[in-house]
Amino acid sequence: MKVDCSEGCPVRATFFCSRCKKPFCDQCCGLKEKGKRYCLNCAAVLHTEKPKKNIELGIDKGLSKPLKVTLLLTTAVAALYLFIAGNGQPSSDRATLPPLTQTQVRDLQQCKEQLQGLSMLVANYQRSHGFDPEVIEDVLDSNEDARLLLEPVDEYEYGLERLPDAGLVISCPNPDEHHLDALYIIPGSSSVIMQSGD
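Caption draft 1: The overall build of the chain, seen in detail. From N to C terminus, the chain includes three helices and eight strands. Across the chain, helices and strands are ordered from the amino to the carboxyl terminus as β-β-β-β-α-α-α-β-β-β-β. In the chain, which comprises 198 residues, the share counted as buried stands at 29%. Summarising the internal contacts of the chain: among those between residues at least 6 apart in sequence, 34% fall at separations of at least 24. Of the roughly 12600 Å² of accessible surface on the chain, 52% is carried by carbon and sulfur atoms.

Caption draft 2: Layout of the pairing of strand β7 (residues 182-185). Side-chain alternation along β7 places A182 and Y184 on one buried face and L183 and I185 on a second face that is also buried. The pairing of β7 with strand β8 (residues 192-195) spans four bridges and is classified as antiparallel. Counted as the bridge partner of L183 is M194 from β8. Joining the antiparallel neighbours β7 and β8 is a turn of six residues, in which G188 adopts a positive phi near 90 degrees.

Caption draft 3: View of the sheet that holds strand β5 (residues 159-163). Strands sit in the order β5-β6-β7-β8 across an open sheet of four strands; the sheet is antiparallel. Both edges of this open sheet fall to β5 and β8, since each of them pairs with a single strand only. If you compare each strand with its neighbour and ignore which way they point, the axes differ by 40 degrees on average. Bridge count between β5 and strand β6 (residues 167-171): five bridges; the pairing is antiparallel. Within β6, the residue paired with R162 across the bridge is L168.

Caption draft 4: Region of the structure containing the nonpolar core. Ranked by size, the top nonpolar core spans 19 residues in total, and within it L115, L118, Y158, I170 and L183 carry the most contacts. Of all elements in the fold, only α3 (102-129), β6 and β7 reach the threshold of two or more residues within this core. Top element by residues in this core is α3. It accounts for seven residues. Core analysis: the second largest hydrophobic core is formed by 13 residues, C17, C39, C42 and L46 among them.

Caption draft 5: Expanded view of α3. With 28 residues, α3 should reach 40 Å at 1.5 Å per residue; the first-to-last C-alpha distance of 40 Å fits that figure. Buried within α3 we find D107, L108, C111, Q114, L115, L118, S119, L121, V122, A123 and Y125. Elements that come into contact with the buried residues of α3 comprise β5, β6, β7 and β8. Positive backbone phi, approximately 80 degrees, marks G130, located one or two places after α3.

Caption draft 6: Layout of the packing of aromatic side chains. Inspection of every chain in the model, using the stated rule, returns two aromatic pairs. Ring centres of Y125 and F131 lie 6.0 Å apart, and the angle between their planes is 85 degrees; this geometry places the pair in the edge-to-face category.

What counts and what doesn't
- Residues numbered from 1 in each chain as written.
- Predicted model: local features only at pLDDT ≥ 70, side-chain atom pairs only at ≥ 80, totals over all residues.
- Heavy atoms only, no water.
- Helix = DSSP H or I, 4+ residues; strand = E, 2+ residues; numbered from the N terminus.
- Buried < 20%, exposed > 50% of the residue type's maximum accessible area, 1.4 Å probe, protein only.
- Contact = heavy atoms within 4.5 Å.
- Areas by Shrake-Rupley, 256 points an atom, 1.4 Å probe, with all protein chains shown as cover.
- Pairing = 2+ DSSP bridges.
- Axes fitted to C-alpha atoms, helices over the stretch in contact; angles between N-to-C directions.
- Core = buried A, V, L, I, M, F, W, Y, C linked by side-chain atoms within 4.5 Å.
- Expected span 1.5 Å × (residues − 1).
- Phe/Tyr/Trp six-rings, centres within 6.5 Å; stacked < 30°, edge-to-face > 60°.

Shown next, in the form of structure tokens:
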């Protein structure tokens, strides 16, 4: 009996996931272990539940080591994205978000870079004045480019707000454009905090 892949791939399924019991093609195999095969979503969940040694991933043994590492990292990032998008639940329990397009990835990267630039400006302002700026515009010198204050997708202004756990943060005005619930940075930090899910 021929069965279609559950992920909608244009090829027929070649195995049933040992965890969710759905049919998948070879491209959607995320994990082979002790004769069992798991889809990408279930492999990500199993990896977070209990990491195991000597797991054979569905990668051709004839590939070069750098290419295998690249494929493993790509698979890990995809699995992490699916895990975060599913709020820690397999995608069968919750609708998955569509993957980001190249434009959305570029916009997110630009937004993160602008937040990092604003983070340094606000930290410099705090050091030189001894207090927090009232509005984000206070941190710009006359020679600074005011476009740094505008989010790249919709050109709304970045803002300052106080969060209970983090204190003063610089926040993206429209994180929905990046498929996130929140996107912000703490002044003086280079690490952008991205929150997805409730």
